[in-house]
Amino acid sequence: MRFSSNFIVLVSVFLLSVSWATPTPTATLQSFKQCLSFNSRISVPSSSFYTPYNPSSFSRILNSTAQNLRYLEPSKPKPEFIFTPLSEPQVQAAVICCKILGIHLRVRSGGHDYEGLSYVSGIETPFVIVDLAKLRSITVNIQQNNAWVQAGATVGEVYYRIAQKSKVHGFPAGLCTSLGIGGHITGGAYGSMMRKYGLGVDNVLDARIVDANGKILDRAAMGEDLFWAIRGGGGASFGVILAWKIKLVPVPETVTVFTVTKSLEQGATKILYRWQQVADKLDENLFIRVIIQTSAGQNGTRTVTTSYNALFLGGANRLLRVMKKSFPELGLSRKDCIETSWINSVLYIAGYPSNITAEFLLQGKPLLPKVYFKAKSDFVKEPIPEAALEGIWKSFLQEDIPLTIWTPYGGMMSRISESATPFPHRKGTLFKIQYVTAWVDGEKGEKKHINWMRKLYKYMAPYVSQSPREAYVNYRDLELGMNKKRSTSYSQAKVWGEKYFKDNFNRLVRVKTVFDPENFFRHEQSIPPLRFYR
């Protein structure tokens, strides 16, 4: 949609009539509503807006999908208002109006950004949120092996709707079922079928976005450069994702899952060292991640446990043959194996209790209560020595609620080029590490726990990828570096940009320069256009 000269004159006159002074929150909202009325074919109901002047409803919507309690503290900046569009043209109108009115925009689909960037702006205020939670249509076409899914739908909803149509189709995306599909895919989207089919971004056929000019574009209209950038280049740098067209993948009617836990007293260190040697080389139908945490040990003392949480695309008997040949050290037995459907394996891997049915996925809710947390990530190229693992255990026993998850690579992940999408962590990666520390005592305990995380991250430096020390953009980490309002220096952006994207960072900058040269879509770690290099 282009801005007509008459439209610009009308809006300009209206803005001049509001106030010559700095606009108040009420004036900003009224200007925005007026602009929407000029630019929306369908009237926007007042129920689509939430403001701090109605604190109950405002807090309910703001908190509804925000996952990190660190960014819901009273000390954190709050939006002037939240707009929940009911249609894609309303999202388009919102982008146009934010640009004309000079309103800083944050867009939220699922609220899982680890640093809260979809609902908090720490570098630029005032700001508003466009929340896509009401845009969650899912249209599955089994005959053509694809589906169109709107950005506000959760990963779990997408899985459920696919399984509702077919027992032998699936989609290789996230393990956490409450992720918003819109933002999830922009960072890569890995899951338990990644070794067989790659990431979510590797299975995207088309998309609809609103670009910086307020146009709704599909793949043909946006061109291959922008289509490349939005599939793994991180959220909210190039436009607002409205919907993805995804490619469905075949899954067997019967899959097998298991979880085998080993404590330090049961030889966890040696078994984990062996897992590092084989995890990326196993049958690509087999995904075994390791969840490492602390628990009560013998005599009331704490210990470290390693839980091998797995999906096999096939039956238990074949799985046992694969494990006996490739990873007998784990000691997997038939009684450990659960044969089930693919959709039920989604629930199992996500950690849902066995009495929860697939219909729960339609609620779009996370399994666990929200906590305060800080996370970081690493990619590992060589097995970490046993002596270094012992150092990790020592660190874990010093922290209250530590967690790390080791995700295996190999298989299809090694066969896709680093430059095929902006997500570059491919061949040569044995596994990815996610580090998490969680706490419940709010800002009071934040310094202590974040310092513990920094210390562990520093300890791990010799054992992970180097030059750059790689990181996963969907595990957002602002300690890697941040933009400063509308601009940043190249050297600043390159620090975190190369960690997330390696050599693909420079291509992302070139795409940004073409499609958003004024840097309308921006946040603490958005891709900068060339004109903002210093």
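No experiment lies behind these values; they were computed from the predicted model shown. (Residues numbered from 1 in each chain as written. Predicted model: local features only at pLDDT ≥ 70, side-chain atom pairs only at ≥ 80, totals over all residues. Heavy atoms only, no water.)

## Looking at the pattern of salt bridges
Side chains that differ in sign of charge can pair as their charged atoms come close.
Reasoning step 1: Summed over all chains, the structure comprises 31 salt bridges.
Reasoning step 2: A salt bridge links Arg 454 to Glu 479; the nearest nitrogen and oxygen atoms lie 2.6 Å apart. With Arg 454 in helix H15 (residues 442-460) and Glu 479 in the loop between H15 and helix H16 (490-501), this residue pair connects regions lying 25 residues apart in the sequence.
Reasoning step 3: Assessed through its relative accessible area of 42%, Arg 454 is described here as partly exposed.
Reasoning step 4: The exposure class of Glu 479 is partly exposed, given its relative accessible area of 35%.
Reasoning step 5: With a closest N to O distance of 3.9 Å, Glu 498 and Lys 494 form a salt bridge. Of the two residues, Glu 498 and Lys 494 both sit in helix H16, 4 residues apart, roughly one turn of that helix.
Reasoning step 6: The partly exposed category is assigned to Glu 498, whose relative accessible area is 22%. (Salt bridge = Lys/Arg side-chain N within 4 Å of Asp/Glu carboxyl O. Helix = DSSP H or I, 4+ residues; strand = E, 2+ residues; numbered from the N terminus. Buried < 20%, exposed > 50% of the residue type's maximum accessible area, 1.4 Å probe, protein only.)

## Here's the deal with the nonpolar core
Reasoning step 1: Ile 230, Trp 244, Ile 246, Trp 275, Ile 288 and Trp 406 are the most contacted members of the largest nonpolar core, which totals 120 residues.
Reasoning step 2: In terms of residue count, helix H5 (residues 155-165) provides more of this core than any other element does, 6 residues in total.
Reasoning step 3: The contact partners of Trp 244, leaving out residues within four places of it in the chain, are Ala 147, Trp 148, Val 149, Ile 181, Gly 182, Ile 185, Thr 186, Val 204, Asp 206, Ala 207, Ile 230 and Arg 231.
Reasoning step 4: Counting residues in each nonpolar core, the second largest holds 27 residues, with Cys 98, Leu 101, Leu 132 and Val 210 among its members. (Core = buried A, V, L, I, M, F, W, Y, C linked by side-chain atoms within 4.5 Å. Contact = heavy atoms within 4.5 Å.)

## A closer look at the packing of aromatic side chains
Reasoning step 1: A complete count under the given rule lists 26 aromatic pairs for this structure.
Reasoning step 2: When the centroid spacing of 5.0 Å and the interplanar angle of 15 degrees are considered together, the rings of Trp 406 and Phe 431 count as stacked. One end of the pair, Trp 406, is in strand S17 (residues 402-408); the other, Phe 431, is in strand S18 (residues 431-439), and 25 residues separate them in sequence.
Reasoning step 3: A residue is classified by how much of its surface remains accessible, and Trp 406, at 1% relative accessible area, is buried.
Reasoning step 4: A relative accessible area of 0% places Phe 431 in the buried class.
Reasoning step 5: Just above the ring of Tyr 472 sits the side chain of Lys 432; from NZ or CZ to the centre is 4.8 Å.
Reasoning step 6: If you follow Arg 469 out to its NZ or CZ, it ends over the ring of Tyr 457, 3.5 Å from the centre. (Phe/Tyr/Trp six-rings, centres within 6.5 Å; stacked < 30°, edge-to-face > 60°. Lys NZ or Arg CZ within 6 Å of the ring centre and 35° of its normal.)

## Regarding the packing of H16 against helix H17 (residues 504-515)
Reasoning step 1: Two elements in contact, H16 and H17, have axes whose closest approach is 8 Å; the angle formed by their N-to-C orientations is 120 degrees. On the basis of the axis angle, H16 is oblique to H17. Viewed along their axes, H16 and H17 form a crossing whose handedness is right-handed. For the pair formed by H16 and H17, the contact residues are Tyr 490, Ala 493, Lys 494, Trp 496, Gly 497, Glu 498 and Phe 501 on the first element and Asn 504, Phe 505, Asn 506 and Leu 508 on the second.
Reasoning step 2: Among the residues making up the contact of H16 with H17, the classes are represented as 6 nonpolar, 3 polar and 2 charged. (Axes fitted to C-alpha atoms, helices over the stretch in contact; angles between N-to-C directions. Parallel < 35°, antiparallel > 145°, perpendicular 65-115°, else oblique. Left-handed = near helix turned anticlockwise from the far one by under 90°. Nonpolar A, V, L, I, M, F, W, Y, C, P; charged D, E, K, R; others polar.)

## Overview of the sheet that holds strand S5 (residues 138-141)
Reasoning step 1: Here we have 5 strands laid out as an open sheet, ordered S5-S6-S10-S8-S9, and antiparallel in their pairing. At either end of the open sheet lies a strand with only one pairing partner, and these are S5 and strand S9 (216-217).
Reasoning step 2: Taken together, the 4 bridges between S5 and strand S6 (residues 146-150) define a ladder with antiparallel strand orientation. Residue pairing for S6: Asn 141 is matched across the bridge by Asn 146.
Reasoning step 3: Together, S6, strand S8 (204-210), S9 and strand S10 (240-247) form the strand contacts of helix H4 (residues 88-101), whose direction differs from that of S10 by roughly 140 degrees.
Reasoning step 4: This element, H5, spans S5, S6 and S10 of the sheet and lies at about 35 degrees to S5. (Pairing = 2+ DSSP bridges.)

## Let's talk about the state of the cysteines
Two cysteines whose sulfur atoms are joined by a covalent bond form what is called a disulfide.
Reasoning step 1: Per the counting criterion, the structure on display carries 1 disulfide.
Reasoning step 2: Disulfide partner of Cys 35: Cys 97, at an S-S distance of 2.2 Å. Given an S-S torsion of about -90 degrees, the disulfide between Cys 35 and Cys 97 has left-handed geometry. You can see Cys 35 sitting in helix H2 (residues 25-39) and its partner Cys 97 sitting in helix H4, a full 62 residues away along the chain. With respect to burial, Cys 35 and Cys 97 carry one shared label: buried. (Disulfide = S-S within 2.5 Å.)

## A word on the sheet that holds strand S1 (residues 49-50)
Reasoning step 1: An order of S1-S2-S4-S3 is seen for the 4 strands of this open sheet, with the pairing classed as mixed. Single-partner strands in this sheet number two, and they are S1 and strand S3 (104-108).
Reasoning step 2: Here S3 pairs with strand S4 (residues 127-131) via 5 bridges, running parallel. Bridge pairing in S4 places Arg 106 opposite Ile 129.

## Description of the packing of helix H13 (residues 386-396) against H15
Reasoning step 1: Closest axis-to-axis distance for the H13/H15 pair is 11 Å, and the angle between their directions is 175 degrees. In terms of orientation, H13 and H15 fall into the roughly antiparallel class. Judged by residue contacts, Ala 387, Ala 388, Gly 391, Ile 392, Ser 395 and Phe 396 of H13 engage Trp 452, Leu 456, Tyr 459 and Met 460 from H15.
Reasoning step 2: Among the residues forming the contact of H13 with H15, the class breakdown is 8 nonpolar, 2 polar and no charged.

## Things to note about the confidence of the model for the protein
Reasoning step 1: Across the protein, the average pLDDT comes to 93, with 95% of residues at 70 or higher.
Reasoning step 2: Within the model, pLDDT remains below 50 along residues 1-21, and this stretch shows 28 contacts once partners closer than five positions in the same chain are excluded. (pLDDT = per-residue confidence, 0-100.)

## Some details on unusual backbone geometry
Reasoning step 1: With an omega of 0 degrees, the peptide bond running from Thr 125 to Pro 126 counts as cis.
Reasoning step 2: A cis geometry characterises the amide bond from Ser 467 onward to Pro 468, with omega recorded as 5 degrees.
Reasoning step 3: Tracing the backbone through its elements, the reader meets Pro 468 in the loop between H15 and H16.
Reasoning step 4: Look at Ser 467: it is not a glycine, yet its phi comes out positive at around 50 degrees.
Reasoning step 5: Along the chain, the position of Ser 467 falls in the loop between H15 and H16.
Reasoning step 6: Positioned with a positive phi, Lys 502 is a non-glycine residue whose angle comes to about 50 degrees.
Reasoning step 7: Along the chain, Lys 502 falls in the loop between H16 and H17.

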